[in-house]
Amino acid sequence: MTTHNLTVFTLGSSVFALIVALVLYLRLFTLKNVNEVERMCKAIFVVVYVSLFFTALSVLSSDILDAAIYVPILFVTTQSLIGFFLDKKTEGFVRFEIGENIYTLRLLDKKKITAFTLVWNRKMYASSYLVKVLTPREISAIMAHEVGHINAFKPIPVSLAVIVYVSLLALSISGAISMALDGFIHYSAIAFLVALYAWVIFSWTWEHTADIYAYKYIGLDTILVLQKITHTVPTKPNMIDIIIGILRSLKPTRAGALLVNPHPPPSVRLWLLFNIAENAPH
Ligand SMILES: [Zn+2]
C-alpha cells in the first residue's frame, strides 16, 4: 500500500470507530440495568481507543511528531505539580469508606461546591464548603462518584488507561497539525475532528461511569444530590443533541478548561440515572 492509501484506510477506520462510539453512546440511554450500562461504557472506552489508535496510525507517516512524546510527560508533571500545590492548601482530611476500601478526601478552602480527582496520583479533593452544606449521604454520593472515576477502567489501573489515552490523543493531534503543515489539509481536518470528538466521548462516558458507580454504592441519593447541585431536569438526548453537545463542550469556557475533562450536560447524566432507577427491581 502506498502512504496515501494507508492514510485513507487508517483515517477511514478511525472515523468508522468514532461513529460506532457515538451510536453506542446513544444506546446507553436505552439501557435499564446498571451492569448493562457499565458494560456499554467499557465498550465505548474500547472503541474510542481503537478510533484514536487508527488516527494516530494515520498520522505516523508525518514528520513532526516530537510533541506527542512531550505531552504525556507534560500531563504527568502537571498533575503532580497541581497535587503538590493543592496539598499545601489542604485544610483537613475526611476518611470515608466505599465498598471495602477506605479513601481520603482532602478539603480545600473554597466558597463553592466542588469535588474533583487527580487521577494520576489518585488524590481526591473537595471544598470544605461542600462538606458544610451537604448531608453525609449526599457527601458519600459525591465521593463515590470520585472513586468511580478511579475505578472506571478496572481491571486496568486508571493511571495506565489514562496515560495510553493521553499519548494516543497527543499523537493524533500533533500528527494532524503536522499533516496540515505538509499541505494535507483534508486529512488533517478529519484527524483533528476525530481526535476532539473521541476526547469528548471518552470524557463523557467516564463521567457516566462515575455516576453509575455512585448509584451502585449509594443509590437514590446520587440522583438527588446531582439534582440539588445542578437544578436541571432529566432529558433523554438524541444523536443531534449529542453531536451539537460535543461541539459545545469543546468551546473553552474558562481558564484551565483544557485541564478539566468536558462533562456531559447534567440533564443527560440525570436521565441515565433516572432511567435505571425507574426500572430497578423494588
Ligand atoms: Zn466526575
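Up top is the structure.
Structural notes, computed from the coordinates. (Residues numbered from 1 in each chain as written. Predicted model: local features only at pLDDT ≥ 70, side-chain atom pairs only at ≥ 80, totals over all residues.)

1. Notes on the overall build of the chain
Reasoning step 1: Helices and strands together make up the secondary structure of the chain, namely 10 helices and 4 strands.
Reasoning step 2: Starting at the N terminus, the α and β elements of the chain follow one another as α-α-α-β-β-β-β-α-α-α-α-α-α-α.
Reasoning step 3: Computed over C-alpha atoms, the radius of gyration of the chain comes to 20 Å, within 12% of the 19 Å expected from 2.2 N^0.38 for 282 residues, which places it in the range of a compact globule.
Reasoning step 4: Within the chain, the proportion of its 282 residues that are buried is 38%.
Reasoning step 5: Taking the intrachain contacts of the chain between residues at least 6 apart in sequence as the baseline, contacts between residues at least 24 apart amount to 73%. (Helix = DSSP H or I, 4+ residues; strand = E, 2+ residues; numbered from the N terminus. Rg over C-alpha atoms; globule rule 2.2 N^0.38 Å. Buried ≥ 20, exposed ≤ 12 C-beta atoms within 10 Å, placed from the backbone. Contact = placed C-beta atoms within 7 Å.)

2. Description of the sheet that holds strand 3 (residues 115-118)
Reasoning step 1: A sheet is described by the order of its strands in space; here 4 strands give the open sequence 1-2-4-3, paired in mixed fashion. If you trace the sheet from one side to the other, it starts and ends with strand 1 (90-98) and strand 3, each paired once. Put simply, the sheet's adjacent strands are angled 30 degrees from each other on average, direction ignored.
Reasoning step 2: In this sheet, strand 4 (residues 123-127) lies alongside strand 2 (residues 101-108) in parallel orientation, the contact comprising 4 bridges. Looking across to strand 4, one finds that Arg-106 is bridged to Tyr-125. (Pairing = 2+ DSSP bridges. Axes fitted to C-alpha atoms, helices over the stretch in contact; angles between N-to-C directions.)

3. Topic: the pairing of strand 1
Reasoning step 1: Among the 9 residues of strand 1, 0 are classified as buried, and the element is accordingly described as predominantly exposed.
Reasoning step 2: Direction of pairing for strand 1 relative to strand 2: antiparallel, over a ladder of 8 bridges. Among the inter-strand pairings, Gly-92 is bridged to a residue of strand 2, identified as Leu-107.
Reasoning step 3: The turn linking strand 1 back onto strand 2 is made up of 2 residues, and Gly-99 within it adopts a positive phi angle of 65 degrees.

4. Considering the packing of helix 2 (residues 34-59) against helix 7 (residues 185-218)
Reasoning step 1: Interaxial distance between helix 2 and helix 7 falls to 9 Å at its minimum, and their mutual angle equals 160 degrees. The orientation of helix 2 with respect to helix 7, classified from their angle, is roughly antiparallel. As for how helix 2 packs across helix 7, the hand of that crossing is left-handed. Counting all contacts with helix 2, which are made through Val-34, Val-37, Glu-38, Cys-41, Ile-44, Phe-45, Val-48, Ser-51, Leu-52, Thr-55, Ser-58 and Val-59, the residues of helix 7 involved are Ala-191, Val-194, Ala-195, Ala-198, Ile-201, Phe-202, Thr-205, His-208, Thr-209, Ile-212, Tyr-215 and Lys-216. (Parallel < 35°, antiparallel > 145°, perpendicular 65-115°, else oblique. Left-handed = near helix turned anticlockwise from the far one by under 90°.)

5. Some points on helix 6 (residues 158-181)
Reasoning step 1: Taking 1.5 Å per residue as the helical rise, helix 6 with its 24 residues ought to reach 34 Å, and the 34 Å between its terminal C-alpha atoms agrees with that figure.
Reasoning step 2: Once helix 6 ends, the next one or two residues include Gly-183, with phi positive near 100 degrees. (Expected span 1.5 Å × (residues − 1).)

6. Some remarks on the environment of Val-131
Reasoning step 1: Within the fold, Val-131 resides in helix 4 (residues 128-133).
Reasoning step 2: For the pair Val-131 and Thr-78, spaced 53 residues apart in sequence, the C-alpha to C-alpha distance is 27 Å.
Reasoning step 3: Each residue touching Val-131, except ones within four places of it in the same chain, is listed here: Val-94, Leu-107, Ala-126 and Ile-139.

7. Re unusual backbone geometry
Generally, phi is negative for residues other than glycine and the peptide bonds are trans, each holding for most cases.
Reasoning step 1: Cis peptide bonds are those with omega within 30 degrees of zero, and the linkage from Lys-154 to Pro-155 qualifies with 10 degrees.
Reasoning step 2: One non-glycine residue with positive phi stands out, namely His-231, at about 55 degrees.
Reasoning step 3: One can find His-231 in the loop between helix 8 (221-230) and helix 9 (239-250).
Reasoning step 4: Residue His-231 is classed as exposed on the basis of its 7 C-beta neighbours within 10 Å.

8. So, the nonpolar core
Most often, soluble globular proteins keep nonpolar side chains buried together rather than apart.
Reasoning step 1: In this structure, Ile-44, Val-48, Ala-191, Ala-195, Ala-198 and Ile-201 are the most contacted members of the largest nonpolar core, which totals 73 residues.
Reasoning step 2: Among the elements that make up this core, the one with the highest residue count is helix 7 (19 residues).
Reasoning step 3: Residues contacting Ile-201, with those up to four places away along its chain left out, are Ala-21, Leu-22, Tyr-25, Ile-44 and Val-48. (Core = buried A, V, L, I, M, F, W, Y, C linked by C-beta atoms within 7 Å.)

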